Amino acid sequence: MKITKMTNNFIDKQTVNVSTSHRFYALSQALGAYCGADILSFIDNNELLTALIRKQAIKRYEVLLASNPLPQACVLLVITDEPKPKLLLTRRSNHLSSHAGEVSLVGGKRDKTDKSSADVALREACEEVGLNETDADILGYLPMQISQKGLLVRPVMASISSDVMDTLMPNGDEIARLFWLPLDVLYTKPVDFVFDRPSNSIAKLHTPAWVYDCDGSMPEIVWGLTGRILASLMEVGFGVSHEWYYSVR
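For clarity, every value in this text was computed on a predicted model and none was experimentally measured.

Colleague: Provide a residue-level description of unusual backbone geometry, including the pertinent values.
Modeller: Positive phi values are uncommon outside glycine, yet Asn45 reaches one of about 55 degrees. With a phi close to 50 degrees, Asn68 is a non-glycine residue in the positive phi region. In this fold, Asn68 is placed in the loop between helix H2 (51–67) and strand E1 (73–81). By relative accessible area, which is 62% here, Asn68 ends up exposed.

Colleague: Can you lay out the packing of helix H1 (residues 25–33) against helix H4 (residues 224–238) for me, pointing to particular residues and giving the numbers?
Modeller: Angle between the axes and distance between the axes: these two values describe a pair of packed helices. Running from N to C, H1 and H4 cross one another at 100 degrees; their axes reach a closest spacing of 8 Å. If you check the angle between H1 and H4, you find them roughly perpendicular. Contacts between H1 and H4 involve Leu27, Ala30 and Leu31 from the first element and Leu233, Val236, Gly237 and Phe238 from the second.

Colleague: How would you explain the pattern of salt bridges if you had to name every residue and give the values?
Modeller: The final tally for this structure, using the stated rule, is 12 salt bridges. Note that Lys86 is salt-bridged to Glu82, the shortest N-O span being 2.9 Å. Note that Arg249 is salt-bridged to Asp192, the shortest N-O span being 3.5 Å. On the criterion of sequence distance, the pair formed by Arg249 in the segment after strand E12 (247–248) and Asp192 in strand E9 (residues 191–196) is long-range, its members being 57 residues apart. Among the charged side chains, a salt-bridge network with shared partners connects Asp111, Asp114, Arg123, Glu124 and Glu127.

Colleague: Break down H2 for me, citing the residues and quoting the values.
Modeller: Here H2 contains 17 residues, and its C-alpha end-to-end distance of 25 Å stays within 8% of the 24 Å for a straight helix at 1.5 Å per residue. Those residues of H2 lying buried are Ala57, Tyr61 and Leu64. Within H2, the buried residues cover an arc of 55 degrees as seen down the axis, which keeps them to one side. Residues of H2 that are exposed and point more than 90 degrees away from the buried face comprise Ala51, Leu52, Lys55, Lys59, Val63 and Ala66. Buried residues belonging to H2 abut strand E6 (145–146) and strand E7 (152–161).

Colleague: Go over the packing of aromatic side chains with me, naming the residues and quoting the values.
Modeller: Aromatic ring pairs are reported here in terms of the distance separating the ring centres and the angle at which the planes meet. Enumeration over the complete set of coordinates arrives at 5 aromatic pairs. Centroid distance Trp210 to Trp244: 5.6 Å. Interplanar angle 40 degrees. Geometry classified as tilted. Taken as a pair, Trp210 in strand E10 (residues 204–212) and Trp244 in the loop between H4 and E12 lie far apart in primary sequence, 34 residues in all. Its relative accessible area of 12% is what places Trp244 among the buried residues. Pairwise contacts between aromatic rings join Phe193, Phe195 and Trp223 into one cluster. Directly above the aromatic system of Phe10 lies the positively charged group of Arg110, at a separation of 3.9 Å from the ring centroid.

Colleague: Kindly report on the environment of Met234, identifying the contributing residues and their values.
Modeller: Position of Met234 among the secondary structure elements: in helix H4. A C-alpha to C-alpha distance of 14 Å links Met234 and Leu139, two positions 95 residues apart in sequence.

What counts, and at which threshold
All chains use their own residue numbering, which begins from 1 and follows the written sequence. Reporting in this predicted model follows two pLDDT cut-offs: at least 70 for local features of residues, and 80 or more for side-chain atom pairs to be given and counted; totals over whole chains, interfaces and linings ignore these cut-offs and use all residues. For the side-chain quantities, the full set of heavy atoms in the structure was used; hydrogens and water were omitted. Strands here mean DSSP runs of E at least two residues long; helices mean DSSP runs of H or I at least four residues long; both are numbered from the N terminus. Only protein chains enter the area calculation, which uses a 1.4 Å probe; residues under 20% of their type maximum are buried, those over 50% are exposed, and those in between are partly exposed. In this analysis, axes come from line fits to C-alpha atoms, helices being fitted only over the stretch in contact, and the angle between any two N-to-C directions falls in the range 0 to 180 degrees. We call two directions roughly parallel when the angle between them is under 35 degrees, roughly antiparallel when it is over 145, roughly perpendicular when it lies between 65 and 115, and oblique otherwise. Contact criterion: two residues are considered in contact whenever any of their non-hydrogen atoms come within 4.5 Å of each other. Put simply, a salt bridge is a Lys or Arg side-chain nitrogen that is within 4 Å of an Asp or Glu carboxyl oxygen. Expected helix span is taken as 1.5 Å per residue step, with the number of steps being one fewer than the number of residues. The directions from the helix axis to the C-beta atoms form the arc being described. Any two rings among Phe, Tyr and Trp, with Trp reduced to its six-membered ring, count as a pair given centres within 6.5 Å; such a pair is stacked if its planes are under 30 degrees apart, edge-to-face if over 60, and tilted if neither. By definition here, charges over rings are those cases where NZ of Lys or CZ of Arg is within 6 Å of the ring centre and within 35 degrees of the ring normal.

All quantities given are derived from atomic positions and should not be read as evidence of function.
Here it is, written out as structure tokens:
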């Protein structure tokens, strides 16, 4: 994997100070106390990788861990500061060239003007749903994930007051809709979701997913990179582990 170098003094994870009276003080402390791998493996439990590709992927992953690279993209996990918290998710517009129509977190690639991971995530959140930086309290960071295209993605966690929820609107150029996933949903075990493979294959892709019917219309399928990040949040932030895999049967 080629890591793009930026010329500015980019800061990945900054020190976060959250008041002991904050609803998410314990969550912030758990995020800050994480001491596992800072780049999560995309190799484990992935049956889509053939023997040769798996061997090459393991070598690339080992190089990544040793080189301590900066993120190439950042996403913002927005959680509402209320007794029954919710998480902000979006469904990408159908006309986009990649991951069209899929559920995602707000976020995107780094710009040369960005000074930190929080800057990237907050800028993208403002562009995609109109979230003002002043309305978000940074709680901490999750380990990086590797996207399908090989980008290193840093999840940034932030809370907002429930009053801010109704002020957010999707940017129609990128986002078809936004919705709020109750945190309680993520405590439940994701289902084994089946995706159809290409017509010339009898095999189907199985992977965990949360299926959420938020308004009685078409259920939202939370899987892929977004699902992996949310599973990481549950494990690091709340001590709840969900197995994540990609298998063909």
